[in-house]
Each structure stands twice: as structure tokens, then as C-alpha cells.
Amino acid sequence: MTSPPPLNGIRVLEFAGLAPGPFAGMLLADYGATVLRLDRAVKTNSPLPPTPDQLVRRKTSITVDLKAPGGVALIKSLLPHVDVIIDPFRPGVLEKIGLCPSTVMLSINPRLVIGRMTGFRRDGKYSMMAGHDINYIAVSGVLSMLGRQGEKPYAPGNIIGDFAGGGAVCFMGILLALMARQHSGRGQVVEANMVDGSATLASMPRLATKRPVWAGERGTNMLDGGCPYYDTYETKDGKYMAVGALEPQFFAALLKGLGLTEKDLPARREDISKWAELRTLFTKTFKGKTRKEWEDTFDGTDACCTPVLENGELEENGFDQRPIVTLRETPGFAIADGSWKENDIGIQAAKGQGHGVKGQGWDEKGLVPAMGGEETLARWVGWKRGKQFEQIDGGLSLKESSRL
């Protein structure tokens, strides 16, 4: 029998911020935590539009003026009743508004786990500078390894810094702190930053620069676009196939599918001086058929040759979004509906438990600030508007009679 997700009962206050913090909060929500987002107060009588942040799955929201004493007092009064805080701000912001994690938050609730997410490290010359993903992976050394030979470094969206090195690492740190709390009874401050997160993700290529596999300049090595049998190729219909035939037996299967033999090659595949000629041969060959024709050729083989699928076609063909990791006994919540239709228990767990979310993981309309948050406060601590708190200038404020 499936048990509740592992974070069932964990309460999270997430200060609204950019991608990494909300991503960590979304992962916590996917595995059972109740996440209450703290959005900025807006002085208006008009209905508020949804937040542009799309990483709001299963979250609710309240609006709070962090510059108002009543707003800060409301947060302080919530601290004894929550387990996790997510702080996405630059260093010093929480301290400035009177919510220093070490001296204020943990003194109110010593069991709190406070996940602090920054881009740069909290020490060093970049600590107080603004930046984005491209800047963080640049100073981590990762960006210098990405790109084609003879071309400038190429930033792969904001996946490596914001999400992998940032939000996912912060999520991991929060989980580690929750584990430590089970033994010590005490919470702690978790400091994640995208420079160290990205640098750690690049451990293998960084260490490999001392070895032949990655010792060359950018774009000339085995795994960075230099190797013709670890690359992508355009097909007759303008789509692409991905090739990763590194091992000899996989390379042999690739040649068979391409209709080539060893005699057709310019040299042995290990001859780096002939890689450009081999790439030219592969480029011409792949251009001879459509992606569908190559799929039909390579599906079910060990050639390590697969289509480069696009998000639009995946959505059209019903590719189901799933929780980030499968827990057989305590699965995360389903993102797309339908897991209960599966007879295989393993596939059920992989797809997640419960009902999926609107949009099935392909579309998110955003969370309207203040949506559902007061209901969350009622469930957590029994608070009601007009009794423990009131709304002032678009933000919730703790009433004087309820303040610590």
C-alpha cells in the first residue's frame, strides 16, 4: 500500500523570488510539504493578475508588506508553526527587515530549517553584486567549458546555475538539514549558492581536464562537441538525431544503422586528426533520411542514436511529466493524471500518487497573489481575518493584540 509522500506534514514559508527559490519550494511541495508563498503587498482595489512565476505547483499565497511592522510581526508569529523558510534574497535583506535567520528566526523557533539561496558566494568580491545564471556559471568555471571550438562560450539557458546548481542544491540542503534535525532536534541555516552548486556539478569535466578525455580546448574533446560520434546531426526534414556511440560495440551498431562499414571511414575512429572528416561523412549520411526514418532504424538497437525531441511534440504525443525521483513506498504527488490506471506498481510510483495538476506539467497559469493563503493559515494555526490579522494596504498585518 502506498504511504503519504515523505514530506507530508512539513510546513514551508517561501519568500517570493526568482527561479531558484521557487523551484526548491516546488520540489518540496511535490513530495508532500505544504508551501505558503509570501508575495509582496500591492496597494490596489483591482483584482491582481497571476504572478509571472510559473513554479507554483500546489502552493498557496498571502501578500505581506515586509517594510511594515505588522507584516514582519505576522511572519514572526508564524515561525513557531513552520518547519522551513526559503530565502531567495541577496545577502543582508532579511537582516535589514529584522528577520535575521541566526539571531531572530532561530531564537523564535530553534527547529527551523532556513534555506538561503544566493547566486554568488556569500564571501569574496562578488558577494554583494547583482548577477544572473550566466554570471554565476561564468565565475564557477563551468561556462568556459561550454561551446564549440573557435566560438565564444555558450550559456545553455539558465538550467545549470538557477535550477541544477541553485534550486535543486538548495532543496537537497533543506532535506539534509531536516534529516539532521531528526537526530539533534535543532534546525539550522542552509546556505546554497549557484557558484558552488554549478562547480560541484562540473566535478567530472573539471577533473577530466587533467586527462586526455578533456585536456583540449573548448569544443575539441570527447563530450563537449569535439567527437563526431558524440554529437547531433540534422536530418532530411530539418530535425535532429543525437549520437552517443562512445563504446566500440555501440559504434559498430551505429555504423550498421547508417549503412556504413569500417572501410567507409576516413580512419580509425580514435584518430582525432580525422574527426572533422568523419563528422562530414556522418553529416551527409544523416541528411539522407528523415528523422522518422532514422528513428525506425535505430529504435531498439544499442547504437546510442535517438531523436532530439521537442517539447511541443512531446506534449502533443502525451509524454507525461513525472516527479523528479521515484520513491516506491512513498511516491511524490502526480504531476499528470492517470497513475492509478497503471497495473505495474513501479510505474504507478514513477508517475506519482494522487491527482495531477492543471496543465499536466506542460502549462502553468501562475498563482494569483493571496490565493488560498488564508485557508492555509486557518489549517496551520487557526487564524482568521479580523481576529489574528487584518489586511492593510494590500498586505496581511498581525493585529496588535496578537503580536509577540
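Residues numbered from 1 in each chain as written. Predicted model: local features only at pLDDT ≥ 70, side-chain atom pairs only at ≥ 80, totals over all residues. Heavy atoms only, no water.

Identification of the chain as Alpha-methylacyl-CoA racemase-like protein from Microthyrium microscopicum is taken from an unreviewed UniProt entry. If you open the UniProt record of the chain and go to Sequence similarities (unreviewed entry), you find "Belongs to the CoA-transferase III family." (UniProt positions renumbered as here; feature names shortened; annotations may be inferred.)

(A) Broad picture of the sheet that holds strand β4 (residues 84-87). Read across the sheet, six strands follow the order β3-β2-β1-β4-β5-β6 without closing on themselves; strand pairing throughout is parallel. In this open sheet, the two edge strands, each paired with only one partner strand, are β3 (59-64) and β6 (188-193). Averaged over all pairs of adjacent strands, the angle between their axes in this sheet comes to 20°, without regard to strand direction. Across five bridges, strand β1 (residues 11-15) lies against strand β2 (residues 34-40) in parallel orientation. The residue bridging Phe15 from the neighbouring strand is Leu38, located in β2. Against the sheet, helix α2 (residues 69-78) touches β1, β2 and β3, its axis set at about 140° to β3. (Pairing = 2+ DSSP bridges. Helix = DSSP H or I, 4+ residues; strand = E, 2+ residues; numbered from the N terminus. Axes fitted to C-alpha atoms, helices over the stretch in contact; angles between N-to-C directions. Contact = heavy atoms within 4.5 Å.)

(B) Expanded view of the side chain of Thr285. Mapped onto the secondary structure, Thr285 falls in helix α10 (residues 275-286). Thr285 has contacts with Leu258, Leu260 and Trp294, leaving out every residue within four places of it along the chain.

(C) Just the pattern of salt bridges, in detail. Applying the stated criterion across every chain yields a total of 23 salt bridges. A salt bridge links Asp87 to Arg116; the shortest N-O distance between them is 2.7 Å. Of this pair, Asp87 sits in strand β4 while Arg116 sits in strand β5 (residues 113-118), placing them 29 residues apart in sequence. Of the charged contacts, one joins Asp363 and Lys365 as a salt bridge, the two residues approaching to 3.0 Å between their closest N and O atoms. Since its relative accessible area comes to 35%, Asp363 is described here as partly exposed. Linked by salt bridges that have partners in common, Glu14, Arg37, Asp39, Asp53 and Lys59 make up one network. (Salt bridge = Lys/Arg side-chain N within 4 Å of Asp/Glu carboxyl O. Buried < 20%, exposed > 50% of the residue type's maximum accessible area, 1.4 Å probe, protein only.)

(D) Spatial organisation of the pairing of strand β11 (residues 395-398). The alternating pattern of β11 places Gly395 and Ser397 on one face and Leu396 and Leu398 on the opposite face, and all of these are buried. As consecutive antiparallel partners, strand β10 (residues 389-392) and β11 are separated by two residues, and within that stretch Asp393 has a phi angle of approximately 50°, a positive value.

(E) Structural view of the domain arrangement of the chain. On domain assignment, one finds that the chain holds domain 1 (11-203 + 321-352 + 372-398) and domain 2 (230-317). Computed over C-alpha atoms, the centres of domain 1 and domain 2 are 41 Å apart. (Domains from an automatic or database assignment.)

(F) Quick peek at the nonpolar core. Judged by nonpolar contacts, the single largest core of 30 residues is most densely connected at Val12, Leu28, Val84 and Ile174. Contact partners of Leu28, with chain neighbours within four places excluded, come to Leu7, Val12, Ala33, Val84, Ile86, Phe171, Ile174 and Leu175. Leu106, Leu377, Trp383 and Leu398 belong to the second largest nonpolar core, which has 27 residues in total. (Core = buried A, V, L, I, M, F, W, Y, C linked by side-chain atoms within 4.5 Å.)

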